[in-house]
Amino acid sequence: MSAWLTFLAQKRQQHLDELCEFLQIPSVSSLPECAEAVVEAAEWVANRMQSAGIEEVCVFSTGGHPVVYGEHRHATDCPTVLIYGHFDTQPVDPEDLWEQPPFDPLIKNQRIYARGASDNKGPMLIPILAVEALLKTQGTLPVNVKFLFEGQEEIGSPQIPEFLETHQELLSCDLVVSADGVQWAADQPAIYLGFKGICALQVDVRGPVTDLHSGIFGGTVQNPLHALAHLINSMRDADGEICVEGFSDDVQPLNDLDRQQIAAVPFDEEAYKNRLGVKTLFGEPGYTTLERAWSRPTLEVVGVWGGFQDEGIKAVMPAEAHAKISCRLVANQTPQAISEAITRHVVRHTPPGVTATVVSLDSQALPYTIPSDHPGNQAAHAVLKKVYGKDPYYVRLGGTLPICDMFLEKLSAHTVMFAFGLDDECIHAPNEFFRLQSFERGLQAYGLLLEELATYPQGNQ
Ligand SMILES: [Zn+2]
């Protein structure tokens, strides 16, 4: 056994005690009353990095919650890896559903229970401890390492793009490795190849100057609710195919390898339907359910309102009607092009007698993809296979993870997801926990990954 693995085994109890201490800090980034605790968590991380032998450790203020930076750069002619994670947490409510106080960690059944245990304090502590084990047993690291831990991930990282922009030199790297994310299952590793982008819009339809009596005026002027229904209906056909002209122009089609990788992930359609309580599934023809969820763009109406909403009926024809639309984007779509395509579509399909406008809502993000044969993924694959004893699945996510695109845009570096949480660990919910087995596996995997990355090609990939 390598000396660094023996070191980790000897320090096991100390590491668990430290994780408990870290989890006691209520660093909820969305609550103003917890702002000091977020700073306290940043300082805890900075101290722990320093005692691990990480250099140039610094807590940066950002105008919002702080960021912690540190580095160890003595591997001459070797690549530089930036490791990312976050030390802020979600709020704890509903608190009465917790079996123990959320910031009073409890170890039970090989799991550690506390808010932030899985998302992301447990997983982000792993690379610090792995680097310490390498440094204390070998004195050097196989690659140059930089760390960037933030305290505002759970509120959408508002100051991070600017921080990356103004610290491009400090953060420059060949590859980003994210300790935030999940594996597929306790006994099944995965490599994440893509996250969807998002473009959220509101459509406002206006007709007469005021609400009208539906008896006296009905049948003589266009009803904004009907006009809105017509517009919504024109955006997708009965099969679920998106009919907005130009919407899919930039979509990178799935190739044979993409489809093979998706098909290799077991998917139980019956169980999926039962879980969702639907009799049949629906979606764009020519694609499997996983392909639709992971790698095809979507256009979904997520809210519609107008007219009389209370009990009973009111004889009124509304003056206006509204809908919110959320589109999930895949490479190489952009929120801007999608919002323009939908605006053109609305102009073209608005029935006479009403006006319709489209406004962009706050939620806008580019999609992110990394090639499956990217050298960072090849390194992750080799390590995951060694640690789990099986090949990882190649998967994607229908959700959005804007940080990966921020790193690509500001640092010109791809992000490899290398995280050891699991999505059944009550993330964002009561009784969040982290498996101790994942903690140990992650420590071993991070040490091996840094060794594996020693041969990673330099110059941004
Ligand atoms: Zn989270």
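### So, the coordination of the zinc ion
- Coordination of the zinc ion by the protein comes from Asp-119 (OD), Glu-154 (OE), Glu-154 (OE) and His-428 (NE2), over a distance range of 1.9 to 2.5 Å.
- Every donor counted, the four donor atoms about the zinc ion form angles of 55 to 136° at the centre, which fits irregular coordination.
- Read in sequence order, the donor residues for the zinc ion give the motif D-x34-E-x273-H. Residue Glu-154 is found in the loop between strand E6 (144-150) and helix H5 (160-166), and its partner His-428 is found in the loop between strand E19 (421-422) and strand E20 (433-435); the two are separated by 274 residues along the sequence.
- Judged by relative accessible area, His-428 falls into the partly exposed class, the value being 40%.

### So, the packing of aromatic side chains
- Scanning the entire structure with this criterion turns up 14 aromatic pairs.
- For the pair Phe-195 and Tyr-368, a centre-to-centre distance of 6.2 Å together with 20° between the ring planes defines the contact as stacked. In this pair, Phe-195 sits in strand E9 (residues 190-195) while Tyr-368 sits in strand E16 (residues 368-369), placing the two residues 173 residues apart along the sequence.
- Accessibility expressed as a relative area gives 5% for Phe-195, which makes it buried.
- Pairing Phe-418 with Tyr-446 gives two aromatic rings, centres 5.0 Å apart and planes at 75°, and the pair type is edge-to-face. Of the two residues, Phe-418 sits in the loop between strand E18 (415-417) and E19 while Tyr-446 sits in helix H14 (residues 436-452), which places them 28 residues apart along the sequence.
- Its relative accessible area of 0% is what places Phe-418 among the buried residues.
- Residue Tyr-446 is classed as buried on the basis of its relative accessible area of 1%.
- Joined through ring pairs, the aromatic side chains of Trp-184, Trp-294 and Tyr-393 make up one cluster.

### Overview of the sheet that holds strand E4 (residues 106-108)
- Taken together, three strands build an open sheet; the order of strands is E4-E5-E20 and the sheet is antiparallel. Pairing within the sheet leaves two strands with one partner each, and these edge strands are E4 and E20. Strand-to-strand twist across the sheet, computed as the mean angle between neighbouring axes with direction ignored, equals 25°.
- Two strands pair when backbone bridges link them, and strand E5 (residues 111-113) and E20 are joined in this way by three bridges, in the antiparallel orientation. For Tyr-113, the partnering residue across the bridge sits in E20 and is Phe-433.
- The sheet strands contacting helix H4 (residues 117-138) are E5 and E20, and the helix crosses E20 at an angle near 40°.

### Re helix H3 (residues 35-51)
- With 17 residues, H3 should cover 24 Å at 1.5 Å per step; its first-to-last C-alpha distance of 25 Å lies within 8% of that length.
- Ala-37, Val-38, Ala-41, Ala-42, Trp-44, Val-45, Ala-46, Arg-48 and Met-49 are the residues of H3 that are buried.
- On its buried face, H3 sits against helix H2 (12-23), strand E1 (55-60), strand E2 (67-72), H4 and E6.

### Notes on the domain arrangement of the protein
- Under the domain assignment, the protein is made up of domain 1 (3-195 + 367-455) and domain 2 (197-251 + 297-365).
- The centre of domain 1, based on its C-alpha atoms, is set 41 Å off from the matching centre of domain 2.
- At the junction of the two partners, domain 1 supplies six residues and domain 2 supplies eight residues.
- Of the roughly 490 Å² buried at the junction of domain 1 and domain 2 (both faces included), carbon and sulfur atoms supply 61%.
- Linking domain 1 to domain 2 there are zero salt bridges.
- Put simply, domain 1 and domain 2 have one residue pair in polar contact (both at pLDDT 80 or more) between them.

### Some points on the pairing of strand E14 (residues 320-329)
- With seven of ten residues buried, E14 lies mostly within the body of the structure.
- The pairing of strand E10 (residues 197-206) with E14 spans ten bridges and is classified as antiparallel. Bridging across to E14, Gln-202 finds its partner in Lys-324.
- Where strand E12 (residues 298-306) meets E14, eight bridges bridge the pair, whose relative direction is antiparallel. Residue pairing across strands places Val-301 opposite Ile-325, the latter belonging to E14.

### So, the pattern of salt bridges
- Inspection of every chain in the model, using the stated rule, returns 19 salt bridges.
- Glu-71 serves as the salt-bridge partner of Arg-73, at 3.6 Å between the closest nitrogen and oxygen.
- The class of Arg-73 is partly exposed, set by a relative accessible area of 45%.
- What makes Glu-71 buried here is its relative accessible area of 11%.
- A cluster of three or more residues bridged by salt bridges with shared partners is formed by Glu-18, Arg-48, Glu-132 and Lys-136.

### Remarks on the sheet that holds E16
- Within the open sheet, the three strands sit side by side as E16-E9-E17. Their pairing is mixed. Of all strands in the sheet, those bounded by a partner on one side alone are E16 and strand E17 (393-397).
- Pairing of E9 with E16 involves two bridges; the strand directions are antiparallel. The residue bridging Phe-195 from the neighbouring strand is Tyr-368, located in E16.

What counts, and at which threshold
- Residues numbered from 1 in each chain as written.
- Predicted model: local features only at pLDDT ≥ 70, side-chain atom pairs only at ≥ 80, totals over all residues.
- Heavy atoms only, no water.
- Donors = N, O, S within 2.8 Å, 3.2 Å for Na, K, Ca; no water.
- Tetrahedral: all angles 85-135°; square planar, octahedral: opposite > 155°, others 65-115°.
- Helix = DSSP H or I, 4+ residues; strand = E, 2+ residues; numbered from the N terminus.
- Buried < 20%, exposed > 50% of the residue type's maximum accessible area, 1.4 Å probe, protein only.
- Phe/Tyr/Trp six-rings, centres within 6.5 Å; stacked < 30°, edge-to-face > 60°.
- Pairing = 2+ DSSP bridges.
- Axes fitted to C-alpha atoms, helices over the stretch in contact; angles between N-to-C directions.
- Contact = heavy atoms within 4.5 Å.
- Expected span 1.5 Å × (residues − 1).
- Domains from an automatic or database assignment.
- Buried area = accessible area lost by both parts, 1.4 Å probe.
- Salt bridge = Lys/Arg side-chain N within 4 Å of Asp/Glu carboxyl O.
- Polar contact = N/O pair within 3.5 Å; in protein donor to acceptor, adjacent residues only side chain to side chain.

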